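One letter stands for each residue in the lines below.
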Amino acid sequence: MPSYEDITYDVEGRAAIITINRPHRYNAFRGRTVEELIKAFRGAWADTGVSAIILTGAGDKAFCTGGDVKQRAETGDYGPTESGMFEIGNLHKLIRDVPKPVIAAVNGIAVGGGHVLHVLCDLSIAADTATFGQAGPRVGSFDAGFGSAYLARVVGEKRAREIWYLCRQYDAATAQQWGLVNAVVPPADLLDEAKAWAAEIAEKSPTALRFLKQSFNADTDHQAGLSNLAMSALDLFTKSPEGLEGAAAFAQKRPADFGAYVKA
Ligand SMILES: CC(C)(COP(=O)(O)OP(=O)(O)OC[C@H]1O[C@@H](n2cnc3c(N)ncnc32)[C@H](O)[C@@H]1OP(=O)(O)O)[C@@H](O)C(=O)NCCC(=O)NCCSC(=O)c1cc(O)c2ccccc2c1O
């Protein structure tokens with residue numbers, strides 16, 4: 001069993017429970033977090049005792065607030081990793097490719113890359129205190145891959161554009177009305193509800209579920225190519241003066257000034 005610093009990994013019954021465990025940073029991910037999430041998802045894939053995977057965040061404030069903007073403001077990247085790579089694109093593909101249903105138990109704020117993670121999960125159950133949104137254009141980032149294209153499949157073009165262009169936070173009731181989440185429950189019931197869904201899934205044919213997941217994915221698998229392109233673009237953009245201004249403004253708790261970057 002690998003030892004983890006940024007996440008916890010547990011198996012209860014036939015459910016693997018993966019928890020992002022950086023509450024001091026509102027469960028924002030750095031390179032190491034992403035690397036550990038990949039190991040955990042691969043472990044759950046390989047474990048024949050696991051029928052479904054629950055992804056959640058530690059504490060009651062945040063599910064995941066995306067990339068660690070403070071780390072980015074300090075070092076210009078998301079910090080060191082064993083592989084030397086920041087593998088968020090591979091994590092996105094893995095959540096889709098693991099042939100077992102992934103349930104997001106959204107226990108608080110899901111924003112930026114954290115919002116993208118729940119969107120990519122097969123199912124989302126939210127605490128009624130959870131909030132949802134994208135933040136990239138406010139902090140010098142964007143996800144022009146699954147984070148925008150697949151989001152538009154889930155909520156429709158107009159709503160996806162609103163979410164990205166305005167960077168607002170939406171409450172759980174709105175998220176449910178928009179089809180972003182399957183169910184909303186009181187915070188105290190969230191994990192039990194997710195486990196109950198996982199137990200219900202565990203009674204079903206794993207082979208049927210595997211084929212169904214692959215079939216649902218097939219229609220949007222071309223977005224993986226778009227995601228590769230988007231991550232290459234993002235790597236360049238987040239190191240540009242415009243991208244760095246967004247991260248610096250967040251870390252310095254001031255509004256970003258992107259005025260110099262408007263192009264004709
Ligand atoms: C999440 C918030 C809306 C919460 O606001 P609130 O007012 O409730 O709380 P605070 O702002 O006081 O935050 C509490 C505490 O947590 C720290 N924190 C919150 N979010 C982050 C974060 N993402 N990184 C680091 N630290 C965070 C915050 O600083 C406070 O700590 P103090 O010690 O200072 O008190 C609000 O916090 C917010 O808007 N957060 C930022 C959300 C955000 O911009 N996320 C990142 C978007 S970019 C991204 O996710 C991303 C994803 C990718 O996949 C990429 C891939 C490749 C390259 C780049 C990528 C990328 O940038």
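Residues numbered from 1 in each chain as written. Predicted model: local features only at pLDDT ≥ 70, side-chain atom pairs only at ≥ 80, totals over all residues.

Student: Help me out: how do you make sense of the nonpolar core in this one?
Tutor: Among the nonpolar cores identified, the biggest contains 68 residues, and I18, I53, I54, I103, V106, I125 and A126 are the most heavily contacted of them. If we skip the residues at most four places from it in the chain, A126 touches V106, A172, A175, V181 and V184. (Core = buried A, V, L, I, M, F, W, Y, C linked by C-beta atoms within 7 Å. Buried ≥ 20, exposed ≤ 12 C-beta atoms within 10 Å, placed from the backbone. Contact = placed C-beta atoms within 7 Å.)

Student: Where do I start with the site of the ligand in this structure?
Tutor: Lining the immediate environment of the ligand, one finds 23 residues, of which G66, G67, G112, G113 and S141 sit closest. For the shell around the ligand, the secondary structure elements donating two or more residues are α2 (69–75), β6 (109–111), α5 (136–139) and α11 (223–238). Ranked by the residues each element gives to the shell around the ligand, the list is headed by α11, at three residues. When its residues are assigned to classes, the shell around the ligand shows 11 nonpolar, eight polar and four charged. (Near = placed C-beta within 6 Å. Helix = DSSP H or I, 4+ residues; strand = E, 2+ residues; numbered from the N terminus. Nonpolar A, V, L, I, M, F, W, Y, C, P; charged D, E, K, R; others polar.)

Student: Would you explain the sheet that holds β6 in this entry?
Tutor: Read from one edge of the open sheet, four strands run β4-β6-β8-β9, paired in mixed fashion. Two strands close off the open sheet at either side, each with one partner strand: β4 (62–64) and β9 (170–171). Inspection of the sheet shows β4 paired to β6 by two bridges, in the parallel sense. Paired with A62 across the bridge in β6 is I109. Relative to the sheet, helix α4 (residues 113–120) contacts β4, β6 and β8 (131–133), its axis offset from that of β6 by approximately 95 degrees. (Pairing = 2+ DSSP bridges. Axes fitted to C-alpha atoms, helices over the stretch in contact; angles between N-to-C directions.)

Student: What exactly am I supposed to notice about α4 here?
Tutor: Owing to its 3.6 residues per turn, the α-helix aligns residues three or four sequence positions apart on the same side. The buried fraction of α4 is high, at eight of eight residues. Along α4, the positions that sit buried rather than exposed are G113, G114, H115, V116, L117, H118, V119 and L120.

Student: Can you help me understand the UniProt feature "binding site: substrate" (unreviewed entry) in the chain in this one?
Tutor: Using the residue numbers shown here, the UniProt feature "binding site: substrate" (unreviewed entry) corresponds to Y78, I109, A110, V111, G112, G113, S141 and K253. Locating V111 in the fold gives a position in strand β6. Once residues lying within four places of it in the same chain are set aside, the contact partners of V111 are T65, G66, G133, Q134, A135 and Q169. Here G112 shows up in the loop between β6 and α4. Looking at G112, the number of C-beta atoms within 10 Å reads 26, which means it is buried. (UniProt positions renumbered as here; feature names shortened; annotations may be inferred.)

Student: Is there a simple way to explain the UniProt feature "site: Important for catalysis" (unreviewed entry) in the chain in this structure?
Tutor: What UniProt calls "site: Important for catalysis" (unreviewed entry) maps, in this numbering, to Y78. Take Y78: it is sitting in the loop between α2 and α3 (88–97). Overall, the presence of 22 C-beta atoms within 10 Å leaves Y78 in the buried class. Each residue touching Y78, except ones within four places of it in the same chain, is listed here: R30, G31, G67, D68, Q71, R72 and F86.

Student: Help me out: how do you make sense of unusual backbone geometry in this one?
Tutor: Negative phi values dominate among residues other than glycine, just as trans dominates among peptide bonds. The phi angle at N27 is positive, at roughly 60 degrees, despite the residue not being glycine. In this fold, N27 is placed in the loop between β2 (15–20) and α1 (31–46). Look at N27 and you get buried, because 29 C-beta atoms sit within 10 Å. If you check the backbone angles, K253 has positive phi at about 55 degrees while not being a glycine. Note on placement: K253 falls in the segment after α12 (241–251). We classify K253 as exposed; it has 6 C-beta atoms within 10 Å.

Student: Which parts of the structure should I look at to understand the packing of helix α6 (residues 146–155) against helix α7 (residues 157–166)?
Tutor: When two helices pack together, you describe them by how their axes are tilted relative to each other and by the distance separating the axes. For the pair α6 and α7, the least separation of the axes is 7 Å and the interaxial angle reads 130 degrees. One way to sum up the angle between α6 and α7 is to call them oblique. Crossing angle aside, the handedness with which α6 passes α7 is right-handed. Every residue of α7 that contacts α6 at S148, L151, A152 and V155 is listed here: E157, R159, A160, I163 and W164. (Parallel < 35°, antiparallel > 145°, perpendicular 65-115°, else oblique. Left-handed = near helix turned anticlockwise from the far one by under 90°.)

Student: For this particular structure, what's the right way to read the packing of α6 against α11?
Tutor: At a minimum axis distance of 9 Å, the contact between α6 and α11 shows a crossing angle of 145 degrees. Of α11, the residues touching α6 (which contributes F146, A149 and Y150) are Q223, L226 and S227. Its residues assigned to classes, the contact of α6 with α11 shows four nonpolar, two polar and no charged.

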